[in-house]
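Each chain is listed here by its residues.
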Amino acid sequence: MNNSTLAKDIKTIEFDALIIGGGGSGMRTSLELAKSGLKTAVVSKVFPTRSHTVSAQGGITCAIGSADPDDDWRWHMYDTVKGADFIGDQDAIEYLCSEGPKAVFELEHMGLPFSRFENGRIYQRPFGGQSKDYGKGGQAARTCAAADRTGHALLHTLYQNNIKEGTNFLNEWFAVDIVKNSKNEVTGVIAFSIEYGELAYLKSQATVMATGGAGRIYASTTNALINTGDGLAMALRAGFPAQDMEMWQFHPTGIYGAGSLVTEGCRGEGGYLVNKDGERFMERYAPNVKDLAGRDVVARSMVLEILEGRGCGENKDHIFLKLDHLGADVLNAKLPGICELSKTFAHVDPIYEPIPVVPTCHYMMGGTPTNIHGQAFNRVNNIDSVVPGLFAAGEAACVSVHGANRLGGNSLLDLVVFGRATGMHIQQELKSGGGVESATKDDIEASLQRLNHLNESSSGYETAPVKKELQECMQNYFGVFRRGEFMEKGLKELDEIRDKVNNLHLKDKSNAFNTSRVEAIELQNLFEVAEATAIAAYSRNESRGAHARDDFPERDDDNWLCHSLYDPISKTISKRDVNFSPSQVEAFPPVVRTY
Amino acid sequence: MSSNTLEVSMYRYNPEQDKFPYMKKYSIEKPARDIMVLDLLHLLKEGDDSISYRRSCREGVCGSDGMNINGKNGLACITPISSVIKKDKIELRPLPGLPVIRDLVVDMTQFYAQYEKIKPFLQNDTTAPEQERLQSPEDRAKLDGLYECILCACCSTSCPSFWWNPDKFVGPAALLQAYRFLADTRDLETQNRLEELSDPFSVYRCHGIMNCVSACPKSLNPNKAIGEIKSMLLSNKKQVIASDGVR
């Protein structure tokens, strides 16, 4: 690419369907489409098996009835609705839980090496927030696992099956911005090859944002370095809304100092958290299920222990996760990856010593709002309507099945169920003649603007320090606990950071594997997501799920039993109704959420 | 040189600017605590943003940042600098034997091509049951030590046989995966898989040098898997001879 590239200078590569992102949701979508014979391409900024799905550990939660033959997807649905603190869409949660078993068995048929019970069926372990009989029958073991490497096993299995079906992969290609036609329909993206710097317009009838989360907006996160919210940011820049952006999950057990995830499966297998006195403090906060309460509940309890001076270590700033009582055999068989990570990053062997952990940013419940077919929607004049050509799936999307707090093991299920659903819908739509009109040269040029601006830069700010500033700001003002006056400060800081983000200096203009260019664009993407998060968090004057306000400590169903919808053009929040109309069961009405 | 300075010698090559690759020396204050080689690279890149390397998960599960660290292949993100420093020096080079795109980034096309060649997906044409295919814990345990491969290429690029014949010798990483599917009781294409590996190069170019075993950052043992394939090939040949009568 040149410093300034015109639409006429770049080539157009045309596909029926284009999937941005080669993680679990992207490759489940592409698999469905490749099988249908549509010309499908996956655009991934890393080789697909390097995507962040690979880091998922504990499992995929689904009522397949293996640990308990009487298990029921309706119980899973109830748990998910409750876990979401009642702002998950119940039509979508119903679809997730009822279609789930089909999607999980398909993965097994594709070769996923699930761990097994003695009878040969898929191994399931207990996870937080999972109950039997609508919360009345005690803890459920519903999370299907491949040891503690379920994400790795799932991602590799999906990649392998995409090879089998002949999916086109544009590996190490980076999507920059959405291209829209005059009717505000999405016709593809501008992207470049990281390896050579070749720039192209990737044209498609259906563009799926499967770009995962953006945990890198925070200084401390379990997320991979690549989780920069690219798809969501592209949609925001194109003027499309984001939903529930204030809802960020802080996972209770990130390794202190390193941020690497320690699976909830540790507590599922019998591990528990202790404070500096060796007290199993979760007994006080969640007397019934203790360490297996919802993640938001456990994370907040940990922070309170630390704030009240009962944290562990020299600075009393972390908590211990105790596993040694489980014994070497259980740890080696069920949690081998955790033993490895703990030794590498915490310098402790969990067979003998507890792991130092701290709540760490983990998952974005919000995202591009979609229906259960993955179709993104926009709100124009107070009416929600589908955006032709634009889809989203997985963490980048907000269907919404996780509402205000995601349950462990539900993200992998989300990926495969809605990746599959999105693929099926696109197939149907394109085969029945649906599609979008072509974009003009001017439309394409408009989408090249941001990249050109960066490529033309001859002065300005360096990427790395600005990124740190952004991450510190989000960590300080929009973390586990939030307060209006602090957030006002944070919003002011963000205003200053925006100016820097818009004026980055790309010193290195070379084309071959220029990671500086990629990182500059990623920072701009992070900023879009961070700003949406900050504005949404400041607007929701209540505490619900992962969103905990010091100044509004109660849940307020009268005013806030709704989604927040962020409009990137006016930078304002409006409210959107939660779906309470599942088709096969009665809706679960909001009740006080205790564990 | 003072003992709180660390000298990093890094392989640099940008095809648009450099006729030849060269080693560039960076001096950096020794970090107060032990950090990973990847963290060291981040620090260096903050000072010189033209440095290029791959990275993603930064916890040893995605396989992006395989490189040659003081002469040994490994993942930068899980290699503490304390374990590799020699006389206050660290030398960083790209994985050996593959074409270099830029700096520490290699072209892995050949490596992936070998992976695809072994048909790395479960093959079972029988009608799938409504639920999962059953597999005993014992049979599932046969996949342990095989399925965990992260495709980082540390093993194959440390293997002299792969350096010589990257197009014909499948290499330790892909052979480990070949055996992962041969060992899976749910896969029914054992016979075809073995036939496709029976030429003089695919498997038999392995001479048990064992570099793969010492390089693997996940402590897997491709050499053992290759041994298993060789004995399967051998007993398969015996069966063919037996059923053909004469050969």
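Structure report, in brief. Just so it is clear, the structure is predicted and the values come from calculations on it, not from any experiment. (Residues numbered from 1 in each chain as written. Chains lettered and ligands numbered in written order. Predicted model: local features only at pLDDT ≥ 70, side-chain atom pairs only at ≥ 80, totals over all residues. Heavy atoms only, no water.)

1. Digging into the sheet that holds strand β11 (residues 248–255) of chain A
Residues and elements named next belong to chain A. Taken in spatial order, the four strands make up an open sheet running β11-β14-β13-β12, and their pairing is antiparallel. Two strands lie at the open edges of the sheet, namely β11 and β12 (272–274), each paired on one side alone. Put simply, the sheet's adjacent strands are angled 50 degrees from each other on average, direction ignored. Two elements, β12 and strand β13 (residues 319–322), share three bridges in a ladder whose sense is antiparallel. Paired with V274 across the bridge in β13 is F320. (Pairing = 2+ DSSP bridges. Helix = DSSP H or I, 4+ residues; strand = E, 2+ residues; numbered from the N terminus. Axes fitted to C-alpha atoms, helices over the stretch in contact; angles between N-to-C directions.)

2. As for the packing of helix α13 (residues 463–477) of chain A against helix α15 (residues 515–539) of chain A
Residue and element names in this part refer to chain A. Running from amino to carboxyl end, α13 crosses α15 at an angle of 20 degrees, the nearest separation of the two axes being 10 Å. Here α15 runs roughly parallel to α13, going by the angle between their axes. With respect to the hand of their crossing, α13 and α15 are arranged in left-handed fashion. Side by side, α13 and α15 meet where T463, V466, K467, L470 and M474 of the first sit next to E519, A520, L523, L526, F527, A530, T533 and A534 of the second. Counted by class, the contact of α13 with α15 contains nine nonpolar, two polar and two charged residues. (Parallel < 35°, antiparallel > 145°, perpendicular 65-115°, else oblique. Left-handed = near helix turned anticlockwise from the far one by under 90°. Contact = heavy atoms within 4.5 Å. Nonpolar A, V, L, I, M, F, W, Y, C, P; charged D, E, K, R; others polar.)

3. Some words on the environment of B:P137
As for its position among the elements, B:P137 is in helix α3 (residues 137–141). For the pair B:P137 and B:S56, spaced 81 residues apart in sequence, the C-alpha separation works out to 33 Å. When sequence neighbours within four positions are dropped, the list of residues in contact with B:P137 reads A:R116, A:F117 and A:E118.

4. Focus: the pairing of strand β9 (residues 199–209) of chain A
All names here are of chain A. With ten of eleven residues buried, β9 is to be regarded as a mostly interior element. Pairing between strand β8 (residues 186–193) and β9: five bridges, direction antiparallel. Along β9, the bridge assignment pairs F192 with L199. Connecting the antiparallel pair β8 and β9 is a turn made up of five residues, with G197 showing a positive phi of about 80 degrees. Relative to strand β17 (residues 383–392), β9 runs parallel, the two being bridged by three bridges. Within β17, the position partnered with V208 by the bridge is F391. (Buried < 20%, exposed > 50% of the residue type's maximum accessible area, 1.4 Å probe, protein only.)

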